[in-house]
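Listed below are the residues making up each chain.
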Amino acid sequence: MARRELTLTNRRGLHARAATKLVQCCQPFDAQVTIHHQGRSAQADNIMSLLMLAAPCGSVLLIEVEGPQAAEVLTALEALFEARFDEDS
């Protein structure tokens, strides 16, 4: 299992559009992604469970990945977070 902590720096945090982009980012990879925030966890293929994390800007999320493409999906997620989900100018 691979793990990484990533910080939400987009202004609106993990809202509907960001959660959708997170799901889409993970879909092409052969890996199971779990996101943890303040004692809650969500599978990265379930938008509703991601929204239930209620993670605002500044939240540190623990990303856990299992599967043959774990390293690749972590790299893609890190790029998505660094790009602030392509939302902020």
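No experiment lies behind these values; they were computed from the predicted model shown.

Student: Looking at this model, I keep getting lost on the packing of aromatic side chains. Mind explaining?
Tutor: For any two aromatic rings, the description comes down to two numbers: the centre-to-centre distance and the angle of the planes. The final tally for this structure, using the stated rule, is 1 aromatic pair. For the ring pair phenylalanine 81 and phenylalanine 85, a centre distance of 5.1 Å and an interplane angle of 55° mean the geometry is tilted. As far as the burial class goes, phenylalanine 81 and phenylalanine 85 line up, both buried.

Student: What is the right way to look at the pattern of salt bridges in this model?
Tutor: Opposite charge on two side chains makes pairing possible when the charged atoms of those side chains draw close. Summed over the entire model, instances satisfying the criterion amount to 2 salt bridges. Close ionic contact of glutamate 64 with arginine 3 constitutes a salt bridge, the shortest N to O distance being 2.8 Å. Of this pair, glutamate 64 sits in strand 4 (residues 60-66) while arginine 3 sits in strand 1 (residues 2-7); the two residues are 61 residues apart in sequence, bridging distant segments of the chain. A residue is classified by how much of its surface remains accessible, and glutamate 64, at 13% relative accessible area, is buried. Arginine 4 is paired through a salt bridge with glutamate 78; the nearest N and O atoms lie 2.8 Å apart. Here glutamate 78 lies in helix 3 (residues 70-82) and arginine 4 lies in strand 1, a separation of 74 residues in the sequence.

The rules we used
Residues numbered from 1 in each chain as written. Predicted model: local features only at pLDDT ≥ 70, side-chain atom pairs only at ≥ 80, totals over all residues. Heavy atoms only, no water. Phe/Tyr/Trp six-rings, centres within 6.5 Å; stacked < 30°, edge-to-face > 60°. Buried < 20%, exposed > 50% of the residue type's maximum accessible area, 1.4 Å probe, protein only. Salt bridge = Lys/Arg side-chain N within 4 Å of Asp/Glu carboxyl O. Helix = DSSP H or I, 4+ residues; strand = E, 2+ residues; numbered from the N terminus.

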